[in-house]
Amino acid sequence: LDLIVNKDIQTKFKIRSKCINYLRNYLIQKEFVEVETPMMNLIPGGAAAKPFETFHHALDTKLFMRIAPELYLKMCVVGGLDRVFEIGKNFRNEGVDTTHNPEFSACELYWAYADYHDLMKFTEDLLSNMVKDITGDYKIKYHPDQDDPSKEVEIDFTPPWPRIPMIKGLEDKIG
């Protein structure tokens, strides 16, 4: 692989792998159970996106690639798993550009009895500590313009993060 993949791509693969490993370990440490849900279904579901269709020859049946694992994960919670997650592929048949790939990896989790305050603290702890663990600092450099690498944005994940009420935040931004 070293011979055919340039160093920049190798670095991205390594960072992606570290993020997924950190995420999985973090969730397991927080007593979440990892599950694997179906990739193909008889009906489209899980989000409001256009699905990819496929055909199962042995069953002579049209199937839909999953848009999200949402429905099955919610079934797990209803079935008694209080904390559940999945890291896996999703497929959304809606265009492609430099910021959108119709096949992508995602982590989806559900946590019974948690409210939005719990999830804000959880997300802050997860992301800030992941960035610190992987990079050695809470601050990272981001290059939003692939055509102009001199454009650089610093993103600061140092906790605590500000909490902004949604309506007030929108009013402040759009007037």
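Here goes a summary of the coordinates provided.

What counts, and where the lines are drawn
- Residues numbered from 1 in each chain as written.
- Predicted model: local features only at pLDDT ≥ 70, side-chain atom pairs only at ≥ 80, totals over all residues.
- Heavy atoms only, no water.
- Phe/Tyr/Trp six-rings, centres within 6.5 Å; stacked < 30°, edge-to-face > 60°.
- Helix = DSSP H or I, 4+ residues; strand = E, 2+ residues; numbered from the N terminus.
- Buried < 20%, exposed > 50% of the residue type's maximum accessible area, 1.4 Å probe, protein only.
- Pairing = 2+ DSSP bridges.
- Contact = heavy atoms within 4.5 Å.
- Axes fitted to C-alpha atoms, helices over the stretch in contact; angles between N-to-C directions.

### A short note on the packing of aromatic side chains
What describes a pair of aromatic rings is the distance from one ring centre to the other and the angle between the planes of the rings. Throughout the structure, instances matching the rule amount to six aromatic pairs. On the numbers, 5.4 Å between centres and 65 degrees between planes, the contact of Y26 with F122 is edge-to-face. You can see Y26 sitting in helix α1 (residues 7–29) and its partner F122 sitting in helix α3 (residues 116–135), a full 96 residues away along the chain. Judged by relative accessible area, Y26 falls into the buried class, the value being 5%. Each ring, one from F157 and one from W161, has its centre 6.2 Å from the other, and the planes form 55 degrees; the classification is tilted. The class for F157 is buried, based on a relative accessible area of 16%. For W161, a relative accessible area of 23% translates into the label partly exposed. Members of the aromatic cluster, each reached through a chain of ring pairs, are Y22, Y26, F32, W111 and F122.

### A look at the environment of D118
Of note, D118 is situated in helix α3. Distance in space between the C-alpha atoms of D118 and P160 is 14 Å, their sequence separation being 42 residues.

### Focus: the sheet that holds strand β1 (residues 33–34)
The strand order across the open sheet built from three strands is β1-β5-β6, with neighbouring strands paired in mixed fashion. The sheet is open, and its two borders are formed by β1 and β6 (103–111), each paired with just one other strand. The pairing of strand β5 (residues 83–91) with β6 spans nine bridges and is antiparallel. From the neighbouring strand, K89 faces β6, where its bridge partner is S105. The sheet contacts of α1 involve β1, β5 and β6, and relative to β5 the element is tilted by about 155 degrees.

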